[in-house]
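Fold and geometry: a report
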Amino acid sequence: MATITSLLDRAPTMSGDEIAGSLVPPRQFDDATLDNYRPDPDYPSQAEAVERVRAFAAGWKPGGGLGLFRKKAAAPAKPGLYLDGGFGVGKTHLLAALWKLAPGRKYFGTFIEYTALVGALGYQATVKLLSGSTFLAIDEFELDDPGDTMMMTRLLGELAEKGTRIAATSNTPPNALGEGRFAAIDFLREIHALAARFDILRIDGLDYRRRDVEGHAVVLADDAALDAAAGAQDGTVAVDDFDAVLRHLATVHPSRYVKLVDGLSAVGFRGVRVLHDQTDALRFVAAVDRLYDARVPVLATGVPLDEVFGADMLGGGYRKKYLRAISRLIALTSGAKE
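All figures in this text were calculated on a predicted structure; none of them were measured in a lab. (Residues numbered from 1 in each chain as written. Predicted model: local features only at pLDDT ≥ 70, side-chain atom pairs only at ≥ 80, totals over all residues. Heavy atoms only, no water.)

Let us look at the overall build of the chain. For the chain, the helix and strand inventory stands at 14 helices and nine strands. Across the 338 residues in the chain, those meeting the buried criterion constitute 52%. For the chain, the share of sequence-separated contacts (at least 6 apart) that also reach a separation of at least 24 residues comes to 84%. (Helix = DSSP H or I, 4+ residues; strand = E, 2+ residues; numbered from the N terminus. Buried < 20%, exposed > 50% of the residue type's maximum accessible area, 1.4 Å probe, protein only. Contact = heavy atoms within 4.5 Å.)

What follows is about the pattern of salt bridges. A full pass over the atoms with the stated rule returns 15 salt bridges. Between Arg202 and Asp204 there is a salt bridge; the shortest N-O distance is 3.2 Å. The exposure class of Arg202 is partly exposed, given its relative accessible area of 42%. A relative accessible area of 32% means that Asp204 is categorised as partly exposed. Residue Arg270 pairs with Asp227 through a salt bridge whose shortest N-O separation is 3.5 Å. (Salt bridge = Lys/Arg side-chain N within 4 Å of Asp/Glu carboxyl O.)

Turning our attention to the sheet that holds strand 1 (residues 3-5). With parallel pairing, four strands are arranged side by side in an open sheet as 1-7-8-9. With one partner strand each, in any of the chains shown, strand 1 and strand 9 (298-302) form the two edges of the open sheet. For this sheet the average axis-to-axis angle between neighbouring strands, irrespective of direction, equals 20 degrees. Here four bridges tie strand 8 (residues 266-272) to strand 9, and the two strands are oriented parallel to one another. The residue of strand 9 that forms the bridge with Val267 is Val298. Relative to the sheet, helix 10 (residues 242-249) contacts strand 7 (236-241) and strand 8, its axis offset from that of strand 7 by approximately 100 degrees. (Pairing = 2+ DSSP bridges. Axes fitted to C-alpha atoms, helices over the stretch in contact; angles between N-to-C directions.)

So, on to the packing of helix 10 against helix 12 (residues 278-293). At a minimum axis distance of 10 Å, the contact between helix 10 and helix 12 shows a crossing angle of 90 degrees. What the angle tells us is that helix 10 and helix 12 run roughly perpendicular. The residues of helix 12 that touch helix 10, namely those facing Phe242, Leu246 and Leu249, are Asp280, Arg283, Phe284 and Ala287. (Parallel < 35°, antiparallel > 145°, perpendicular 65-115°, else oblique.)

Two strands pair when backbone bridges link them, and strand 1 and strand 7 are joined in this way by three bridges, in the parallel orientation. By the bridge assignment, Ile4 is partnered in strand 7 with Val237.

On to the packing of helix 5 (residues 111-121) against helix 7 (residues 146-161). When two helices pack together, their arrangement is captured by the angle between the axes and the distance separating the axes. Direction vectors running N to C along helix 5 and helix 7 enclose 85 degrees, while the axes themselves pass 11 Å from each other. Regarding the angle of helix 5 to helix 7, the classification is roughly perpendicular. Each of Phe111, Tyr114, Thr115 and Val118 in helix 5 lies in contact with helix 7, whose residues at this interface are Asp148, Thr149, Met151 and Met152. Looking at the contact of helix 5 with helix 7 residue by residue, the classes come out as five nonpolar, two polar and one charged. (Nonpolar A, V, L, I, M, F, W, Y, C, P; charged D, E, K, R; others polar.)

So, about the confidence of the model for the chain. Model confidence for the chain is summarised by a mean pLDDT of 84, while 85% of its residues fall at 70 or above. The model gives residues 65-76 a pLDDT under 50, and that stretch makes 18 contacts with residues more than four places away or in other chains. (pLDDT = per-residue confidence, 0-100.)

Quick look at unusual backbone geometry now. Positioned with a positive phi, Arg295 is a non-glycine residue whose angle comes to about 55 degrees. Note on placement: Arg295 falls in the loop between helix 12 and strand 9.

The next thing to look at is the sheet that holds strand 4 (residues 135-139). Taken in spatial order, the five strands make up an open sheet running 3-4-5-2-6, and their pairing is parallel. Looking at which strands have only one partner, the edges of the open sheet turn out to be strand 3 (106-110) and strand 6 (198-203). The mean angle between the axes of side-by-side strands here comes to 15 degrees, regardless of whether they run parallel or antiparallel. In this sheet, strand 5 (residues 165-170) lies alongside strand 4 in parallel orientation, the contact comprising four bridges.

A few words on the nonpolar core. Counting 39 residues, the largest nonpolar core has Phe269, Leu275, Phe284, Leu305 and Phe309 as its most contacted members. Those elements that provide at least two residues to this core are helix 10, helix 11 (257-260), strand 8, helix 12, strand 9 and helix 14 (319-333). Per-element tally for this core: the top contributor is helix 12, with eight residues. Leaving out residues up to four positions away in the same chain, Phe309 has contacts with Val274, Leu275, Ala281, Phe284, Val285, Leu314, Tyr322, Ala325 and Ile326. (Core = buried A, V, L, I, M, F, W, Y, C linked by side-chain atoms within 4.5 Å.)

Our focus in this paragraph is the packing of aromatic side chains. Within this structure, the stated rule accounts for nine aromatic pairs. Ring centres of Tyr82 and Phe198 lie 5.8 Å apart, and the angle between their planes is 75 degrees; on these two criteria the pair is classed as edge-to-face. Of this pair, Tyr82 sits in strand 2 (residues 80-85) while Phe198 sits in strand 6, placing them 116 residues apart in sequence. Ring centres 5.3 Å apart and planes at 85 degrees place the aromatic pair Phe242 and Phe284 in the edge-to-face group. Within this pair, whereas Phe242 is found in helix 10, its partner Phe284 is found in helix 12, the two being separated by 42 residues in sequence. No difference in accessibility class separates Phe242 from Phe284, as the two residues are buried. Among the aromatic side chains, those forming a connected cluster through ring pairs are Phe242, Phe269, Phe284, Phe309, Tyr318 and Tyr322. Directly above the ring of Tyr292 sits Arg295, whose terminal nitrogen or CZ lies 4.5 Å from the centroid. (Phe/Tyr/Trp six-rings, centres within 6.5 Å; stacked < 30°, edge-to-face > 60°. Lys NZ or Arg CZ within 6 Å of the ring centre and 35° of its normal.)

In structure tokens:
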């Protein structure tokens, strides 16, 4: 029997130190290793990716160098590895496995978590905190704001100069990040400088979340069905009107969404509708990311959640971000008891 609560009653706060302490891989990757990554035999680049990541990790061993990289180029090894690929091909699994292989002090977070850390501590304090770390992992590198991008580029540059090695994932190669969104000359110069710090590894394949879950989010017939399904869950379930959740997300900084969903066994959204406001949509994407990281199943009525982003949004500059959220929503709505 579930305990029913509301997201609207949660107003989490997080200090900079708490944000830094949360910079570890999501719990579903607790057991992720290079050995248990399962390459799809139809896509040879996945098996190659494992060996490339293993070679990068060899750089932390005495005399290990950078293995494959040193053989392939005479130029000095770059301090970063960039895993580019479609949704659900295992990039985060590989990044988490690499993080585990790094010695000493290390950090793992999403792009928004690092920018939130800067917002909480200030730029210089963040540099001081992260300096001396052996490894910085950045999952889903995104360029939603040119100011954040320039700040992050500067931060990575300073850390790399101090000896920190960096690995990042994204669904877009570094030289294409931000393409179609911002055209300022200074911004593009920053993008190219960022790209120069990474060796790029392309990973092809099908979204593993859709290998066993075909293409649509599960939607319940009505609110009564949602209430019944919520009651059948174990633990604490937050059930709210979809529009009320959107309004509440506007009052909580995205860096705190991790606490907003902490301890929940499921969430329920009544009356899901198509989103047309970009700000609401981006906040919802950030919340979906936190739900996915915490493996919190989603129950919903109204418009199927894989149709929540309007056609104008799917054709715009944030298309890749919305498609990733759709992939995750399909998985999350398939994981709840009904």
